[in-house]
2 protein chains.
Amino acid sequence: MCVTGFIRGDSLRITMAKIAELAGVSKATVSRVLNSSGYVSENTREKVMKIVREFNFVPDARAVNLSKSMTRTIGLVLPSTSGPFYMEVIRGIEDVLAFDGYYMLLMTFEASKNKNETRKKYKSLLEEKRVDGLIVFDPEADEPFVQQMARIKKPCVYLGREYQKIPIDTVSADNETGSRLMMLHLLETHGFRKVAFVRGPLDSYHGMERFKGYRKSLTEWGIKCDDELVFCGNFTREGAEMVAESIFSAKPEAIFASNDEMALGIIHKAKQLGYSLSDMPAIVGFDDAPWAEHINPALTTVRQPMYDIGRTAARLIMDRLSDNGHKAPMKVKLHTNVVVRESCGCFKNRFE
Amino acid sequence: MCVTGFIRGDSLRITMAKIAELAGVSKATVSRVLNSSGYVSENTREKVMKIVREFNFVPDARAVNLSKSMTRTIGLVLPSTSGPFYMEVIRGIEDVLAFDGYYMLLMTFEASKNKNETRKKYKSLLEEKRVDGLIVFDPEADEPFVQQMARIKKPCVYLGREYQKIPIDTVSADNETGSRLMMLHLLETHGFRKVAFVRGPLDSYHGMERFKGYRKSLTEWGIKCDDELVFCGNFTREGAEMVAESIFSAKPEAIFASNDEMALGIIHKAKQLGYSLSDMPAIVGFDDAPWAEHINPALTTVRQPMYDIGRTAARLIMDRLSDNGHKAPMKVKLHTNVVVRESCGCFKNRFE
DNA sequence: CTGAAAGCGCTTACAG
DNA sequence: CTGAAAGCGCTTACAG
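Residues numbered from 1 in each chain as written. Chains lettered and ligands numbered in written order. Predicted model: local features only at pLDDT ≥ 70, side-chain atom pairs only at ≥ 80, totals over all residues. Heavy atoms only, no water.

Trainee: Describe the side chain of Thr108 of chain B, and please don't skip the residues or the numbers.
Mentor: Position of Thr108 of chain B among the secondary structure elements: in strand β2 (residues 103-108). Using a relative accessible area of 3% as the deciding quantity, one classes Thr108 of chain B as buried. Within the structure, the side chain of Thr108 of chain B is placed 2.3 Å from the side chain of Glu94 of chain A, a separation counted as a polar contact. At 3.3 Å, the side chain of Thr108 of chain B forms a polar contact with the backbone nitrogen of Glu110 of chain B. Contact partners of Thr108 of chain B, with chain neighbours within four places excluded, come to Glu94 of chain A together with Leu78, Pro79, Ser80, Thr81 and Thr118 of chain B. (Helix = DSSP H or I, 4+ residues; strand = E, 2+ residues; numbered from the N terminus. Buried < 20%, exposed > 50% of the residue type's maximum accessible area, 1.4 Å probe, protein only. Polar contact = N/O pair within 3.5 Å; in protein donor to acceptor, adjacent residues only side chain to side chain. Contact = heavy atoms within 4.5 Å.)

Trainee: Kindly report on the sheet that holds strand β8 (residues 254-257) of chain A, identifying the contributing residues and their values.
Mentor: Residue and element names in this part refer to chain A. The 4 strands are arranged β7-β6-β8-β9 in an open sheet whose pairing can be described as parallel. One side of each edge strand has no neighbouring strand; the edge strands of this open sheet are β7 (230-232) and β9 (282-284). Shown here is a sheet whose adjacent strand axes are inclined to one another by a mean of 20°, direction ignored. Contacts from helix α8 (residues 175-189) reach β6 (195-199), β8 and β9, with the element oriented near 170° to β8. (Pairing = 2+ DSSP bridges. Axes fitted to C-alpha atoms, helices over the stretch in contact; angles between N-to-C directions.)

Trainee: Quick rundown of helix α7 (residues 143-151) of chain A? Include the residues and the values.
Mentor: All names here are of chain A. Looking only at α7, the buried set comprises Phe145, Val146, Met149 and Ala150. Summarising the axial view, the buried residues of α7 lie within an arc of 145°, below the 170-degree limit, and thus occupy one face. The exposed set on the far side of α7, more than 90 degrees from its buried face, consists of Pro144 and Arg151. (Arc of directions from axis to C-beta.)

Trainee: Mind laying out helix α3 (residues 42-54) of chain B, listing which residues take part and the relevant values?
Mentor: Residues and elements named next belong to chain B. Taking 1.5 Å as the rise per residue, α3 with 13 residues should run 18 Å; its terminal C-alpha atoms sit 18 Å apart, in good agreement. Regarding α3, the residues found buried are Val48, Ile51, Val52 and Glu54. Those residues of α3 that are buried are in contact with α1 (16-23) and α2 (27-35). Of the residues one or two after α3, Asn56 is the one with positive phi, at around 50°. (Expected span 1.5 Å × (residues − 1).)

Trainee: So what's going on with the interface of chain A and chain B? Residues and values would help.
Mentor: The interface of chain A with chain B comprises 51 residues on the first partner and 51 residues on the second. The junction of chain A with chain B conceals about 4,900 Å² of combined surface from both sides, 60% of it contributed by carbon and sulfur atoms. The largest contributions to the chain A side of the interface with chain B come from Arg62, Tyr103 and His294 of chain A, which together make up 16% of the buried area. Put simply, chain A and chain B have 10 residue pairs in polar contact (both at pLDDT 80 or more) between them. Among the secondary structure elements, those contributing two or more residues to the side of chain A that touches chain B are α4 (61-68), α5 (86-99), β2 (103-108), α6 (115-127) and α11 (260-272) of chain A. Per-class residue counts for the side of chain A that touches chain B are 23 nonpolar, 12 polar and 16 charged. Pairing of β2 of chain A with β2 of chain B, which is carried by 3 bridges, proceeds in the antiparallel orientation. In the strand pairing of β2 of chain B, Leu105 of chain A is matched with Leu105 of chain B. (Buried area = accessible area lost by both parts, 1.4 Å probe. Nonpolar A, V, L, I, M, F, W, Y, C, P; charged D, E, K, R; others polar.)

If you want it as structure tokens, here you go:
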């Protein structure tokens, strides 16, 4: 059986109409066979499947999407892919999406110069129905914008912040408490009293949260927050190396860098300045970067449950998609925890 | 002007037909305005845009895709997201896609148990026209399967391998030459003659390539390839730690682990066994993992240009998409290079 | 159990 | 410069 115009196995231009014609049935029947929906006699099912296989026919997803009014795709927006742990978020999300047969559209802020352009772009992902739902990690998005996102009334969860006043799903880790847990370790376990803090960029939401935790802890312990012990960084290693000397000259017992990159820079500088591992002040970070356990001394830091954040967010989206019930927005908050290694002074110099 | 059934700003159920009706023109005209295609009088353009803005109308991408017969989406398939450098590939690809206004659909092997299932899935991405093109990093895909991919006759580039006999675009880094460059460094610069090699899983294509480079170098230098110096690993740190002791007892001058994870495991074990940094044999890796420069000693390793691989692949796809010329498949091969740090013996113990 | 027909929401020649 | 109409390739009540 050779039909003019088509080559077997060439799925390029074959459509359901052709399959129907060749099988001697209607498009509706082919559709039923392919979707296992409605009744089809075993006989015609066979007949149809034979042709389908012969031509390796695969329905056009764009047409299916339009008809069924869905896409089986979830958008994911991340600040970057190179960050230490965004990959964990992706993994958490993919695990649940793959299970439900959904696809993931990935977009980052990295490739574009203008953040607001990127925001417009991810917003339209939802508006133009290119995705059924959206997961966004954009902690610098301001409230009016997030309000707009909420008004689209499509499944959308923001990661990393709570936006308490906005009716939108969020999943975040408690950065402030993370800071406080670290301070607890430094103040209680080690008995330090003079703890320096290296801030991130002042417009960073998480940087702010972490700093708040530091200050509140000091207050709780009745320690005055000394401005001389608070330093400005920009979350980069280089930036931290620049201020490292002035930090050292303030003679702190411990240095709390608000991310691991900066902690690394400070440790590096300390070595350059001739500090040995044993007389270096305690230096701790935040994030638990993939290399944090490998550096020398191994870095004590705060870990955010990135995988769980991704997983929880994806679950939330899937729920919204199936229930389509108008449940109240959820504000999920996950725990951070301190990963104790060597750089705080615990287990110091195990192999030396 | 309040139209029944619609709330301003509610883009949920408004379609082009409604916009046309409200603006008192035809759908065709609205389409022309929105796409800036064909002639439209300034007057009607204004009229239409006013309504469009008022209702925040965004055309349904699914319908556009179906009509225009495209999706502006490229699929990307990766072994995992947690690997050391896949993120670089993503970044390279995204940089060019974002520039051309394309979207990226990401899929990994990680979330699924069965590799062949995943292959079927990414193949259908192209068949069902969910994406316009596909970039695949799946070095374990066998030739018959890749043949099938080639026959789909849609833009598709395979990363990491050449598949010389198959007419399909590929972009890969030269792993074998990478190994040889490393061996050159070990043999020539350091004058080592007794170099152990730790293989990856035997079914790994890259593992094979790297091993070949090792053997060829030895042959070239007239050194007999001693089986006693070749060890089996599985690309994991734990696996390497298991064989580390037997490696040491063979007393090699240098140990070439065919990836960084294994090098790390061996270094770790060496420390545990009491080796000091100065009497440890040279230990080098492959991949340049993000933490490779941070460990102690800093790891000498081979670097693949992952960003360039991604970028090149995306460019290739974009070209295919615009030209739609039937140019011959391209086999792009990029260079690897040795990153010299401390673990080979160069700059040993700078800060000690 | 099966088919004719309308519909999903756009685009694009073709007339005028 | 603009509109009527066909088309993209499916799905889905509705009849029978």
